[in-house]
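So you can see what is in the structure, the chains are spelled out below.
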Amino acid sequence: MSQHYAITMPQLSDTMTEGVVVTWEKQPGDKVERGDIVATVETDKAIMDVEVFKAGYLAGPLADVGATIAVGAALGYITDTAGDVAIAAGEVVEEQAQTEMIPHHAGTPIVMPQLSDTMIEGVVVTWEKQPGDVIKRGDIVATVETDKAIMDVEVFQEGFLSGPIADVGSVVEVGHPMAFIVDDVAKANDTGVTISADHKVKNTHKVAPPAADKPAHIPTPKAAPAHISAAGNVPPVARPAGRQASPYARKVAAQLGVNLTGLAGTGPSGVIVAADVARARPSMQEVAHSLPQVDVPGQGRAMTSMEKAVSHAMTASLTLPTFNVTVNIDTAALTAAAKAKKVSVTVAIAKACSVAMAKFPRMNWAYQPVDKLVERSNHDFGVAVMSNDGGLVVPILHGIEKKPLEALQNDWTGLVERARVRKLAPAEYSNPTFTISNMGMLGVSHFTAIPTPGISAILAIAANGPQGTPFTITGDHRVLNGADVALYLATLKQTIEAPDAWMAGGTAVAAEAVTGQAATVSAPVSPIPEGNWDFPVVIVGGGPGGEDCARDLADHGIKVMMVNNEPFPGGECLWRGCIPSKAWRAAADVIRNRAHDAEMGVDGTNAPTLNWAQVEKHRRWVQSSRGDMALKADKGMKIDVREGYGEFADAHTLKITPVEGEPYTVSFGAAVIATGAPAFVPPIPGARENLATGGVVTSDTIWNLATPPKKLGIVGGGVIGVEMAQIFRDFGTEVLMLERNERILAETEEEIAKQLIALLEKEVTVLTSASINEVSGTPGAMKLRYANKEGIESVFDCDVVLMATGKRPDTSKLNLDKIGVELDGAAIKVNARCQTSAPHIYAVGDVIGGYMLAHTAATQGRVAADNLLGHGSEYDQDKDCGVTFSRPQAGFVGLSVAQAKAKGIDAVEAKMPMSIDAKAMITGETEGMIKLVADKATGRIIGVHYLADHTDTLIGIGVMMVAGEMTLTQVAKAIFPHPTQTELFGELARRLLNRLRRTAKK
Ligand SMILES: Cc1cc2nc3c(=O)[nH]c(=O)nc-3n(C[C@H](O)[C@H](O)[C@H](O)COP(=O)(O)OP(=O)(O)OC[C@H]3O[C@@H](n4cnc5c(N)ncnc54)[C@H](O)[C@@H]3O)c2cc1C
């Protein structure tokens, strides 16, 4: 009797479940050789050759051209008898295909499908049908667990389910039978042995062939070439000299870049077949597994298929040369915007990654062996999700680049539901182009993820930390370099931090996608109005606020003009404020410190004398050097610095009146007002009048003093008054300070102020609740007439009177009413973004009121710049800080308990005196205290308050704790060096924690 062999529909790709017959290359009766192409079939990816592995004659029945045949089912037959062109009904077909056919039962096997490219076996989870049940095409008969998910097994043929069926829980290799389908219920086997866990059915079974008009169904070859794909129009490589190679083998060799010369062939007479080619190029897994392995003592259990798949994929990833790049991103704006749009943050982040990727398409490419790059434009991102059983599933959000957020959210909701129970379809987890893993919710402070072959970058998102949220990309160096990833992350940062710019355009993106136009949404979008302006942005005022703003804008390539009515930038801070006052303070410190040298055991230094001329020379040198440096830096950064007075002619025109020459105008898109706030002199009789003579000075004019006064009257007990009082006291001046309120340092934290006042009162005379009635006289012979609380009047004879009565913005000459900029009292009204009531005009620094401090102005300048660049940045006063350069220095960061309580925060504080600190005792700087304020509910440190020498340095620690939103536990665990005053912070945190623990127990 002739032997018949089935030519089955091969599985030519991991997603292929069936194929369509396109051509027959041989006719029934034609002689065929092993390796011949007998037909072509169309798969889901391409038209591919069907190769035979047996010599003989082609025999029918052949599947019709155009017929759809399931993978593993027969297309035709090979007979060893010439002229035997058709199999008669009832004839027996014996399975003996050279590819180690799995013997089958009397019926069509239902084989373990290959549901992902990494799947080599599956576990039977349930049987949805029982032997004998009617099966319709498309029915789900079972579920199986793959390496990625629990999936349905669908059948493509009608009939009845028949055993033996694989046990629930048994592991079945891909392509091996799990059960069978018979065409007659009488043939259904429900009593036979179930397929054992090793599922290798050893016996061959004889089967009656199907009716001649139907192709026979034969089990899938075990070695279905799932990993060999000859897709694509690659011309086959040439036959090796003097050797035979099948056309398919040559095509696969071309695809995989395998050299056939010297390759052993396992076909008849040593013909090289496709399997030989596949073996010649070891898989990534094989390469990786050939790495030295360390044996571990003990009895290992077998991995589940999921564990095995993860292990193999991870080992295969060892072949990727990777590197990591981290950027910290502030996700607050994105989180808020996502919430407002009712989309999950995960979806918003995925979309942001896609938006940023529009500029960096390489991030979405992949390396393909050998020496190829797959350039993909479809953004199909895998996003890791925790399944209900604690494992990790990575469903794919498809088409992110073209779908609006709402559509993506829709997709995501369904995906997550299915991912949690591991019920994803193969397309839902196969072939991502980029992957995102967010472990932020698990509190990890930093981590890196491992990209697997097929992607070139994976993004790992950690928990929000002091610097923001760390976004780490691990990249494949064959595809990406460090700069690619760094630039991508920088863009991603901008995209995430300014979500409004692209989130609003969600539907526009979709519309573009529909019209077929490329979605070119890129973030961020600057709010600077479009127009043919002389300058996109002008800045009025060159102090810390204006200068920092200008620099940030220039740094980002914006053409900026900064007009300042002084020859050098720096503003009040450099010329009349922080810098000169601290230069004086530095000299005063030397005098004050020497007075304590004797306590340390150093004699002879306690009578220093002041060299005023040198003090002034030094001060001026610092100022002019810094002014010079600032101007050079500004010009170097291509800021167009102009000297002159700026005022608004209209909403987009600035009039500049230079020191010399005619006024002129420039047009602008947006403007930033940073004009500061001059010293304010109240209408006390004689006070304003004597400014001109120099008998009365302010912080603007005190720098003109020829010598330190012998006697100084100070009106006003704020920070400037107190600083000046102590400086001049140290210079040997007799000081009287008058304050009309009940206490001086009204804005300083109460307990700190109280202690500082007590110390101050030992050095200078302070009178509170005083009325200042008149200032008169001439410089060197001034009379300050005042009354105490009881109304008893006195006169203080002094050389000069300092009016330290605050600062007040003066915008009267800016024409703000012409451009729609509203005021709040004397200050310009702004929102947290430093934007005025005219949307294209921003204002920063002293001119907007609040804390009138240089770093506050500079921060606001950067906030304004950030917003003009299209980023949603805000100034947060609750994280601001300040130092009073008194002795000891007072300082604050964040909120006091009283301020916190006023905001509804249940705040607690701990304080420690400097007198118990070892370092402070050594140096004799034991006055003062440090206080830590924490939010009781979260343990977050929300304020730090100081009265201590070196507060100007110690405050940095408080700034970091508050800005970084550190908790008491974190600070309690931090290691501070001994002996330093910094130890107090750890001590304070532990003390407060202990107290909270004790009180919580009660
Ligand atoms: C004695 C003293 C000590 C101080 N010490 C400290 C300190 O230790 N630490 C601290 O943080 N802060 C300190 N300050 C405060 C600090 O100086 C200010 O908060 C800071 O300079 C404000 O910066 P600004 O950019 O808002 O304005 P300013 O620094 O005032 O700059 C404004 C600039 O704009 C110019 N200008 C105004 N109007 C126009 C116009 N129409 N056209 C063109 N140019 C214009 C002004 O001439 C000036 O150059 C101190 C202040 C004083 C007075």
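These numbers were taken from a predicted model, which means no experiment stands behind them. (Residues numbered from 1 in each chain as written. Predicted model: local features only at pLDDT ≥ 70, side-chain atom pairs only at ≥ 80, totals over all residues. Heavy atoms only, no water.)

## Regarding the overall build of the chain
Argument step 1. Across its full length, the chain holds 25 helices and 48 strands.
Argument step 2. In the chain, buried positions account for 50% of the 1002 residues.
Argument step 3. Residue pairs at least 24 apart in sequence account for 64% of intrachain contacts in the chain once pairs closer than 6 positions are excluded.
Argument step 4. For the chain, the exposed surface amounts to about 44,200 Å²; the carbon and sulfur share of it is 54%. (Helix = DSSP H or I, 4+ residues; strand = E, 2+ residues; numbered from the N terminus. Buried < 20%, exposed > 50% of the residue type's maximum accessible area, 1.4 Å probe, protein only. Contact = heavy atoms within 4.5 Å. Areas by Shrake-Rupley, 256 points an atom, 1.4 Å probe, with all protein chains shown as cover.)

## Here's the deal with the sheet that holds strand 12 (residues 140-145)
Argument step 1. Taken together, the 4 strands give an open sheet; going across it, the order is 13-12-10-15, and neighbouring strands pair in antiparallel fashion. One side of each edge strand has no neighbouring strand; the edge strands of this open sheet are strand 13 (150-154) and strand 15 (171-173). In this sheet, neighbouring strand axes are inclined to one another by 45° on average, regardless of whether the strands run parallel or antiparallel.
Argument step 2. Note that strand 12 and strand 13 share 5 bridges and pair antiparallel. Across the sheet, A142 pairs through a bridge with V153, a residue of strand 13. (Pairing = 2+ DSSP bridges. Axes fitted to C-alpha atoms, helices over the stretch in contact; angles between N-to-C directions.)

## With respect to the packing of helix 12 (residues 544-555) against helix 20 (residues 854-868)
Argument step 1. Closest axis-to-axis distance for the helix 12/helix 20 pair is 7 Å, and the angle between their directions is 35°. Crossing of helix 12 over helix 20 shows right-handed handedness. Within the contact between the two elements, helix 12 uses P544, G545, D548, C549, D552 and L553 and helix 20 uses A854, A857, A858, G861, R862, A864, A865 and L868.
Argument step 2. When its residues are assigned to classes, the contact of helix 12 with helix 20 shows 9 nonpolar, 2 polar and 3 charged. (Left-handed = near helix turned anticlockwise from the far one by under 90°. Nonpolar A, V, L, I, M, F, W, Y, C, P; charged D, E, K, R; others polar.)

## Description of the site of the ligand
Argument step 1. Not every one of the 35 residues close to the ligand is listed here, only the nearest: N565, E572, K582, D846 and A854.
Argument step 2. Between the ligand and the protein, one listed contact pairs an oxygen atom with a side-chain N or O atom of K582 at 2.7 Å.
Argument step 3. The backbone of D846 places a nitrogen or oxygen atom 2.8 Å from an oxygen atom of the ligand.
Argument step 4. When the ligand is considered free in solution it has 990 Å² of accessible area, and contact with the protein chains removes 94% of it.
Argument step 5. At the level of secondary structure, the elements contributing two or more residues to the shell around the ligand comprise helix 12, strand 28 (560-564), helix 13 (571-575), helix 14 (578-594), strand 30 (645-650) and helix 20.
Argument step 6. Tallied by class, residues from the shell around the ligand come to 14 nonpolar, 16 polar and 5 charged. (Near = heavy atom within 4 Å. Polar contact = N/O pair within 3.5 Å; in protein donor to acceptor, adjacent residues only side chain to side chain.)

## Thoughts on a nonpolar patch on the surface
Argument step 1. Together, M386, L392, M441 and L442 make up an exposed nonpolar region whose accessible area comes to about 450 Å².
Argument step 2. Within the secondary structure layout, L392 lies in strand 22 (residues 392-393).
Argument step 3. With relative accessibility at 55%, the residue L392 sits in the exposed group. (Patch = residues over 30% accessible without salt bridge, like charges linked within 9 Å, V, L, I, M, F, W, Y side chains within 5 Å. Salt bridge = Lys/Arg side-chain N within 4 Å of Asp/Glu carboxyl O.)

## Notes on the pattern of salt bridges
Argument step 1. Under the criterion given, the structure shown has 42 salt bridges.
Argument step 2. Of the charged contacts, one joins R576 and E566 as a salt bridge, the two residues approaching to 2.5 Å between their closest N and O atoms. With R576 in the loop between helix 13 and helix 14 and E566 in the loop between strand 28 and helix 13, this residue pair connects regions lying 10 residues apart in the sequence.
Argument step 3. Given a relative accessible area of 22%, R576 falls into the partly exposed group.

## Regarding the environment of L738
Argument step 1. When you line up the elements, L738 lands in strand 35 (residues 734-738).
Argument step 2. For L738, a relative accessible area of 0% gives the class buried.
Argument step 3. In this view, L738 contacts I714, V715, G716, G717, L767, A770, I772, L784 and Y786; residues no more than four positions away in its chain are not counted.

## Concerning the sheet that holds strand 33 (residues 696-697)
Argument step 1. The strand order 33-40-34-35-36 describes an open sheet built from 5 strands, whose pairing is parallel. Looking along the sheet, the strands with just one partner apiece sit at the ends: strand 33 and strand 36 (765-767).
Argument step 2. Here 5 bridges tie strand 34 (residues 711-715) to strand 35, and the two strands are oriented parallel to one another. Pairing of I714 across the sheet is with M737, part of strand 35.

## Some thoughts on the pairing of strand 34
Argument step 1. Burial analysis of strand 34 places 4 of its 5 residues in the buried class, which makes it a mostly covered element.
Argument step 2. For the crossover from strand 34 across helix 17 (residues 719-730) to strand 35, the handedness is right-handed.
Argument step 3. Where strand 34 lies against strand 40 (residues 800-803), 4 bridges are found, and the strand directions are parallel. Along strand 40, the bridge assignment pairs G713 with V801. (Right-handed = clockwise from strand over helix to strand, strands pointing away.)

## Section: a positive patch on the surface
Argument step 1. Where like charges cluster on the molecular surface, the positive patch consists of R991, R995, R997 and R998.
Argument step 2. Positionally, R991 belongs in helix 25 (residues 983-1001). (Lys, Arg positive; Asp, Glu negative; His and termini not counted. Charge placed at Lys NZ, Arg CZ, Asp CG, Glu CD.)

## Points about the packing of aromatic side chains
Argument step 1. The final tally for this structure, using the stated rule, is 13 aromatic pairs.
Argument step 2. A centroid spacing of 6.1 Å and a plane angle of 65° characterise the contact between Y946 and F985, whose relative ring orientation is edge-to-face. With Y946 in strand 48 (residues 941-948) and F985 in helix 25, the pair connects residues that are 39 residues apart, well separated along the chain. The residues Y946 and F985 share a single accessibility class, namely buried.
Argument step 3. Measuring from ring centre to ring centre gives 6.3 Å for F976 and F985, while their planes differ by 40°; the resulting arrangement is tilted.
Argument step 4. Put simply, the rings of W584, W612, W703, F728 and F731 touch in pairs and so form one group of aromatic residues.
Argument step 5. Above the ring of F535, the side-chain terminus of K559 is found at 5.0 Å from the ring centroid. (Phe/Tyr/Trp six-rings, centres within 6.5 Å; stacked < 30°, edge-to-face > 60°. Lys NZ or Arg CZ within 6 Å of the ring centre and 35° of its normal.)

## Some details on unusual backbone geometry
Argument step 1. Cis geometry is adopted by the peptide bond preceding P61, which originates at G60 and carries an omega value of 0°.
Argument step 2. Examined against the element boundaries, P61 turns out to sit in the loop between strand 6 (56-59) and strand 7 (68-70).
Argument step 3. Residue R887 is joined to P888 through a cis peptide bond whose omega torsion reads -15°.
Argument step 4. Mapped onto the secondary structure, P888 falls in the loop between strand 44 (881-884) and strand 45 (889-894).
Argument step 5. Positioned with a positive phi, S769 is a non-glycine residue whose angle comes to about 50°.
Argument step 6. On the secondary structure map, S769 appears in the loop between strand 36 and strand 37 (771-778).

## Concerning the nonpolar core
Argument step 1. Membership of the largest hydrophobic core comes to 72 residues, with the highest contact counts inside it found for M178, F434, Y488 and L492.
Argument step 2. Per-element tally for this core: the top contributor is helix 6 (residues 345-357), with 9 residues.
Argument step 3. Membership of the second largest hydrophobic core comes to 34 residues, among which are W612, A804, A890 and M929. (Core = buried A, V, L, I, M, F, W, Y, C linked by side-chain atoms within 4.5 Å.)

## Things to note about helix 20
Argument step 1. With 15 residues, helix 20 should cover 21 Å at 1.5 Å per step; its first-to-last C-alpha distance of 21 Å lies within 8% of that length.
Argument step 2. Burial in helix 20 covers these residues: T856, A857, A858, Q860, G861, V863, A864, A865, N867 and L868.
Argument step 3. Among the structural elements, strand 27 (535-540), helix 12, strand 32 (664-673) and strand 43 (841-843) are those in contact with the buried residues of helix 20.
Argument step 4. G870 lies just past helix 20 and shows a positive phi near 100°. (Expected span 1.5 Å × (residues − 1).)

## Things to note about the side chain of T469
Argument step 1. Looking at where T469 falls in the secondary structure, it is placed in strand 26 (residues 469-476).
Argument step 2. Reaching out from T469, the side chain makes a polar contact with the side chain of N464 at a distance of 3.3 Å.
Argument step 3. Among residues more than four places away in sequence, those in contact with T469 are V327, N328, I329, T331, I461, A462, A463 and N464.

## A few points about the side chain of E497
Argument step 1. One can find E497 in helix 9 (residues 482-497).
Argument step 2. Classification of E497 by relative accessible area gives buried; the value is 16%.
Argument step 3. Filtering out sequence-adjacent residues up to four positions away, E497 remains in contact with N328, I329, D330, A333, H871 and G872.

## Quick look at the pairing of strand 32
Argument step 1. Within strand 32, 8 of the 10 residues are buried, which leaves the element mostly enclosed by the surrounding structure.
Argument step 2. Pairing between strand 27 and strand 32: 5 bridges, direction parallel. By the bridge assignment for strand 32, I539 is matched with V672.
Argument step 3. The antiparallel pairing of strand 31 (residues 653-657) with strand 32 creates a hairpin that spans 6 residues between the two strands, and G661 there sits at a positive phi of about 95°.

## Structural notes on the environment of V821
Argument step 1. Structurally, V821 can be placed in the loop between helix 19 (816-819) and strand 41 (823-824).
Argument step 2. As for V821 and I841, which are separated by 20 residues in sequence, their C-alpha atoms are 7.7 Å apart.
Argument step 3. Apart from the residues lying within four places of it in its own chain, the contact partners of V821 are L816, I828, T836, S837, A838 and I841.

## Points about the confidence of the model for the chain
Argument step 1. Averaged over every residue, the pLDDT of the chain is 85; the share at 70 or more is 88%.
Argument step 2. Across residues 89-105, where pLDDT falls below 50, the model places 66 contacts with residues more than four positions away in sequence or in other chains.
Argument step 3. Counting interchain partners and residues more than four positions distant, the pLDDT-below-50 stretch residues 506-523 has 25 contacts. (pLDDT = per-residue confidence, 0-100.)

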